[in-house]
Amino acid sequence: MGANHISIKRDSFIGSDSWIAALPHLNNTESSKNAELIAIGENVCISGHCTITAVNSVKIEDHVLIARYVYISDHSHEYRDTVVPIKNQGIKNIKAVHIKKGAWIGQGAVICPGVTIGANSVVGANSIVRIDVPDHSVAAGNPASIIKKRKKEQ
């Protein structure tokens, strides 16, 4: 959805049954109507059954590996009104997501609005990431926390 708001650079792969959706109509700002909402870099591998949605910005840099069943979104659904169906209440918590070069997102992970995943970092399988992950780190859990810093090769 919203192909004119999505860029995918060369040598990138998106697996079957994935849903990549740019939804500028859900963001009531004039700037989002002509903006690139989802940017996927070079040599990115997005395995099957992944969901990436954006109303503001999801940026995935070069050489990122995203395993199956990963969910990435820069917004959440509103749910305060107990009478109105949730799908009709709109969205909230609109914050850009940034996944930096060389990161690896494990199977079933959820990347929440406003999160930055650092360069060459790892997100463990089935983790729910609500905080930034620094460069060269490993994050895992529900909610995810930083469990290790990777050492840079000399």
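Residues numbered from 1 in each chain as written. Predicted model: local features only at pLDDT ≥ 70, side-chain atom pairs only at ≥ 80, totals over all residues. Heavy atoms only, no water.

Undergrad: Sorry if this is basic, but what is going on with the pairing of strand β6 (residues 51-54) here?
TA: Remember that side chains alternate between the two faces of the sheet whenever the strand is regular. Of the two faces of β6, the one holding Thr51 and Thr53 and the one holding Ile52 and Ala54 are both buried throughout. Bridging between β6 and strand β9 (residues 71-73) involves 3 bridges; their strand directions are parallel. Counterpart to threonine 53 in the pairing with β9 is serine 73. (Buried < 20%, exposed > 50% of the residue type's maximum accessible area, 1.4 Å probe, protein only. Helix = DSSP H or I, 4+ residues; strand = E, 2+ residues; numbered from the N terminus. Pairing = 2+ DSSP bridges.)

Undergrad: Teacher, can you tell me more about the sheet that holds strand β19 (residues 144-149) here?
TA: Two strands in a sheet stick together by hydrogen bonds in their backbones, pointing the same way (parallel) or opposite ways (antiparallel). The 7 strands are arranged β2-β5-β8-β13-β16-β18-β19 in an open sheet whose pairing can be described as mixed. Only two strands of the sheet have a single partner each, and these edge strands are β2 (13-14) and β19. Where strand β5 (residues 45-46) meets strand β8 (residues 65-66), 2 bridges bridge the pair, whose relative direction is parallel. Paired with isoleucine 46 across the strands is isoleucine 66, a residue of β8.

Undergrad: So what exactly am I meant to see when it comes to the environment of isoleucine 8 here?
TA: Along the chain, isoleucine 8 turns up in strand β1 (residues 6-8). The exposure class assigned to isoleucine 8 is partly exposed, which follows from its relative accessible area of 46%. Not counting residues up to four positions away in its chain, the partners in contact with isoleucine 8 are Ile14 and Ile40. (Contact = heavy atoms within 4.5 Å.)

Undergrad: I tried to follow the nonpolar core on my own but got confused; where do I start?
TA: Nonpolar side chains in soluble globular proteins generally cluster together in the buried interior. Of all hydrophobic cores here, the largest spans 31 residues; its most connected members are Ile38, Ile60, Ile66, Ile72, Ile99, Ile105 and Ile117. What isoleucine 117 contacts, discounting residues up to four positions off in sequence, is His98, Ile99, Lys100, Ala103, Ile105, Ile111, Val123, Val129 and Val133. (Core = buried A, V, L, I, M, F, W, Y, C linked by side-chain atoms within 4.5 Å.)

Undergrad: Would you explain the pattern of salt bridges in this entry?
TA: Where side chains of opposite charge bring their charged atoms close, a pairing between them can arise. A full pass over the atoms with the stated rule returns 3 salt bridges. With a shortest N-O distance of 3.5 Å, glutamate 42 and arginine 10 are connected by a salt bridge. With glutamate 42 in the loop between β4 (38-40) and β5 and arginine 10 in the loop between β1 and β2, this residue pair connects regions lying 32 residues apart in the sequence. For glutamate 42, a relative accessible area of 27% gives the class partly exposed. A relative accessible area of 54% places arginine 10 in the exposed class. The shortest N-O distance in the salt bridge between glutamate 78 and arginine 80 comes to 3.0 Å. For glutamate 78, a relative accessible area of 9% puts it in the buried group. On the accessibility criterion, arginine 80 (68% relative accessible area) is exposed. (Salt bridge = Lys/Arg side-chain N within 4 Å of Asp/Glu carboxyl O.)

Undergrad: Can you help me understand the side chain of threonine 53 in this one?
TA: Mapping threonine 53 onto the fold places it in strand β6. On the basis of relative accessibility, which here comes to 3%, the residue threonine 53 falls in the buried class. If sequence neighbours within four positions are ignored, threonine 53 has contacts with Trp19, Ala21, Leu23, Val58, Tyr71, Ile72, Ser73, Asp74 and His75.

Undergrad: It is not clear to me how the sheet that holds β1 should be interpreted in this structure. Could you clarify?
TA: In spatial order, the strands read β1-β4-β7-β12-β15; together these 5 strands make up an open sheet with parallel pairing. Looking along the sheet, the strands with just one partner apiece sit at the ends: β1 and β15 (116-117). Bridge analysis of strand β12 (residues 97-99) against β15 gives 2 bridges, and the strand direction is parallel. Among the inter-strand pairings, histidine 98 is bridged to a residue of β15, identified as threonine 116.

Undergrad: Help me out: how do you make sense of unusual backbone geometry in this one?
TA: Across residues other than glycine, the phi torsion is negative in most instances, and most of the peptide bonds are trans. Backbone torsion omega between asparagine 142 and proline 143 reads 0°, so that peptide bond is classified as cis. Mapped onto the elements, proline 143 comes out in the loop between β18 (137-141) and β19. Phi at aspartate 11 takes a positive value of approximately 60°, unusual for a residue other than glycine. Note that aspartate 11 resides in the loop between β1 and β2.

The values reported here are purely geometric and, on their own, carry no functional implication.
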